[in-house]
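Close look at the chain arrangement
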Amino acid sequence: MPRRDEGVDRPTADDPRPPAKGLRHDFDARARAARSDFEAQIRQRRASFDARNEALTARTGRNLPAAIAIALAFAVVMLGSLLIWLPAFMVVAAFLIGFGVWELASAMRFAGRDVPRIPSVATAIAMVPAAFLGGQVEALFTILGGIVLITVWRLIEVAVSRDRPSAANVFRDLTNGLFVQAYVTLLGACVVLLSAQDGGPLWVVGFILVVVAVDTGAYATGLNLGKHPMAPRISPKKTWEGFAGSVAASILVGILVSWLMLGLPWWAGIVLGVLISGSATLGDLTESMIKRDLGIKDISSFLPGHGGLLDRIDSILPSAAVAYVLYLIVNH
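Residues numbered from 1 in each chain as written. Predicted model: local features only at pLDDT ≥ 70, side-chain atom pairs only at ≥ 80, totals over all residues. Heavy atoms only, no water.

So, the overall build of the protein
Each helix and strand in the protein was counted, giving eleven helices and two strands. The N-to-C order of helical and strand elements in the protein reads α-α-α-α-α-α-α-β-β-α-α-α-α. By the burial criterion, 40% of the 332 residues in the protein qualify as buried. In the structure as shown, the protein presents an accessible area of about 18,900 Å², 66% of it carried by carbon and sulfur atoms. (Helix = DSSP H or I, 4+ residues; strand = E, 2+ residues; numbered from the N terminus. Buried < 20%, exposed > 50% of the residue type's maximum accessible area, 1.4 Å probe, protein only. Areas by Shrake-Rupley, 256 points an atom, 1.4 Å probe, with all protein chains shown as cover.)

See below:
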């Protein structure tokens, strides 16, 4: 009669194979070692990435990954509203312009300049449907009416205040309120007016692409080749090499936009690129002067890696006026 354990492969003292328990222990040890090595590599790469990102941020003043992510989200929203359902662009424009006014008015109040925020934002928002549905005259009268409202609002605040400011401070507050509307709302109206024209949405997309090319060209060239400051007292990081790169990039993109999107001759792209590179750089320097005058680094901290929303549309605002004038010249 055969034994029960007959035919069972049992390890012996001379058998080189380790017992099953030893095999499992060896496998677990190797797995733990591999996991520890993998985690160490991840930590090392993360530390290296953070170090490079910190160095890049210190050199450029911008958190690049966050900036790229926000820029892509901004592009998706803009393109969707302009090319899929145009009336939605009124909502996008009202948010961008209204929030930009709120940021600038808040920054001025932080610096001791009492610009009324509620009527300022209300004027910016009211301008959008007036410009989109009405036109230039309606937009202009809406802004002028808003300036009157802002002025009266501030004068009432002074009248009911126990600690009345000096006449010079009141005048400064009123002129700053006027500046907010002229800088953000009036220039923002050019974007809205352009979007409402026949073929206008493509013009808006086109000129924004050129503005992006200006920013990208200046960033890449200035980062790698920049040596000669352009306006050290206003914006220390801007260089003439960066400006040259922005002009070259804007001309290239301007030619492509004019030829492929706007149906214009290629040389029109040179005009578009040169003018937009000038207006975008001027807008950036203007906002830098405002921040320096107010004693702040960013208009706000609303957008990670970007600062405030107004910090991101400062180049777009004056460029919108240039694009709108060019559109009127070409189509009239």
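Observations concerning the packing of helix α4 (residues 117-134) against helix α6 (residues 167-195)
As a packed pair, α4 and α6 sit with axes 9 Å apart at the nearest point and diverge in direction by 20°. It follows from the interaxial angle that α4 and α6 lie roughly parallel. Here α4 and α6 pass one another in a crossing that is right-handed. Touching Ser120, Thr123, Ala124, Met127, Val128, Ala131 and Phe132 of α4 are Gln181, Thr185, Gly188, Ala189, Val192, Leu193 and Ser195, all from α6. Class assignment of the residues belonging to the contact of α4 with α6 gives a composition of eight nonpolar, six polar and no charged. (Axes fitted to C-alpha atoms, helices over the stretch in contact; angles between N-to-C directions. Parallel < 35°, antiparallel > 145°, perpendicular 65-115°, else oblique. Left-handed = near helix turned anticlockwise from the far one by under 90°. Contact = heavy atoms within 4.5 Å. Nonpolar A, V, L, I, M, F, W, Y, C, P; charged D, E, K, R; others polar.)

Things to note about the packing of helix α5 (residues 136-160) against α6
Geometrically, a packed helix pair is captured by the angle between its two axes and the distance between the axes. Where α5 meets α6, the closest approach of the two axes is 10 Å, and the angle between their N-to-C directions is 155°. As summarised for this structure, α5 and α6 are arranged roughly antiparallel, according to the angle between their axes. For α5 against α6, the interelement crossing comes out right-handed. Along the contact surface, α5 presents Gln136, Ile143, Ile147, Ile150, Thr151, Arg154, Leu155 and Val158, while α6 presents Val170, Asp173, Leu174, Leu178, Gln181, Thr185, Leu186 and Leu193. Of the residues assigned to the contact of α5 with α6, the class counts are ten nonpolar, four polar and two charged.

Considering the packing of aromatic side chains
One pass over the full model with this rule turns up four aromatic pairs. Taken together, a centroid distance of 5.5 Å and an interplanar angle of 10° make the contact between Phe179 and Tyr183 stacked. Here Tyr183 and Phe179 lie together in helix α6, a separation of four residues that amounts to about one turn. Taking the centre distance of 6.0 Å and the plane angle of 85° together, the rings of Trp240 and Phe243 count as edge-to-face. Placement of both Trp240 and Phe243 in helix α8 (residues 240-260) is noted, with a separation of three residues, approximately one turn of the helix. (Phe/Tyr/Trp six-rings, centres within 6.5 Å; stacked < 30°, edge-to-face > 60°.)

Examining the pattern of salt bridges
All told, the structure shown has eight salt bridges when counted by the stated rule. We note a salt bridge from Asp114 to Arg154, for which the minimum N-O separation is 3.3 Å. Pair noted here: Asp114 is in the loop between α3 (88-110) and α4 and Arg154 is in helix α5, with a separation of 40 residues, a long-range link. Residue class for Arg154 comes out buried when judged on its relative accessible area of 7%. Beyond isolated ion pairs, a larger network of salt bridges with shared partners links Asp114, Arg154, Glu157, Arg172 and Asp173. (Salt bridge = Lys/Arg side-chain N within 4 Å of Asp/Glu carboxyl O.)

Interpretation note: all reported values are geometric properties and have no functional meaning in isolation.
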